[in-house]
Amino acid sequence: IFIIIFLLFFIFKNFNGKIFLGDSGALIIGYLTAFILIKDHNINFIHTNEYSDFVVSFMIIPVIDLIRLFIIRVCGGKNPFEPDDNHLHHRLLRKFNFKKSIIILFSIVILPIFFNFVTKFQFNIYIILVFVIIYLYLILITRKRKAYKR
């Protein structure tokens, strides 16, 4: 309930451009989200994979973005913990306006969870695979074009 209320409040206020979280705000939200998911899992532990499927569908896009950036930075000889503007949200902002970027990012993170609830986690791996492909497509269409010298 906390996460839903926070997301609705943040989305409403953010469309008006009144909230900037920064690193500390993003870290607090990440910590609270992880804490709530782990605490809820420990309280409502059931001997099924349904809950772990929910967590995977909730975290798949951020984790894939993290792995992609880590590999790119290490292969490029850079420190994997140095900041850059190669994250999906930066790439979306370069390609689309702010509102479209928020809608795309929100959709690609929330829709797998929604579809998993609707299908009662029957097609979890397929749903996640579809959204991973959508993520890779977004990375492809938002890549920086190199200027060729003539």
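Our structure is the block above this text.
Below is a summary of the structure that appears in this document. Quantities reported herein were computed from a predicted structural model and do not represent experimental measurements.

1. Some details on the environment of Val 55
- Within the secondary structure layout, Val 55 lies in helix α3 (residues 50-75).
- Taking C-alpha positions, Val 55 is 9.4 Å from Ala 34, a pair spaced 21 residues apart along the chain.

2. Considering helix α6 (residues 124-141)
- The first and last C-alpha atoms of α6 sit 26 Å apart over 18 residues, in line with the 26 Å expected at 1.5 Å per residue.
- Three or more residues of α6 are buried, namely Asn 124, Ile 127, Ile 128, Phe 131, Val 132, Tyr 135, Leu 138 and Ile 139. For α6, the buried positions fall inside an angular range of 135° around the axis, keeping them on one side. Exposed residues on α6 whose side chains face more than 90 degrees from its buried face are Tyr 126 and Ile 133.

3. With respect to the environment of Ile 128
- In this fold, Ile 128 is placed in helix α6.
- Through-space distance from the C-alpha of Ile 128 to that of Pro 112 is 6.4 Å; in sequence the pair is 16 residues apart.
- Not counting residues up to four positions away in its chain, the partners in contact with Ile 128 are Val 56, Ser 57 and Ile 60.

Reading guide: rules and limits
- Residues numbered from 1 in each chain as written.
- Predicted model: local features only at pLDDT ≥ 70, side-chain atom pairs only at ≥ 80, totals over all residues.
- Heavy atoms only, no water.
- Helix = DSSP H or I, 4+ residues; strand = E, 2+ residues; numbered from the N terminus.
- Expected span 1.5 Å × (residues − 1).
- Buried < 20%, exposed > 50% of the residue type's maximum accessible area, 1.4 Å probe, protein only.
- Arc of directions from axis to C-beta.
- Contact = heavy atoms within 4.5 Å.

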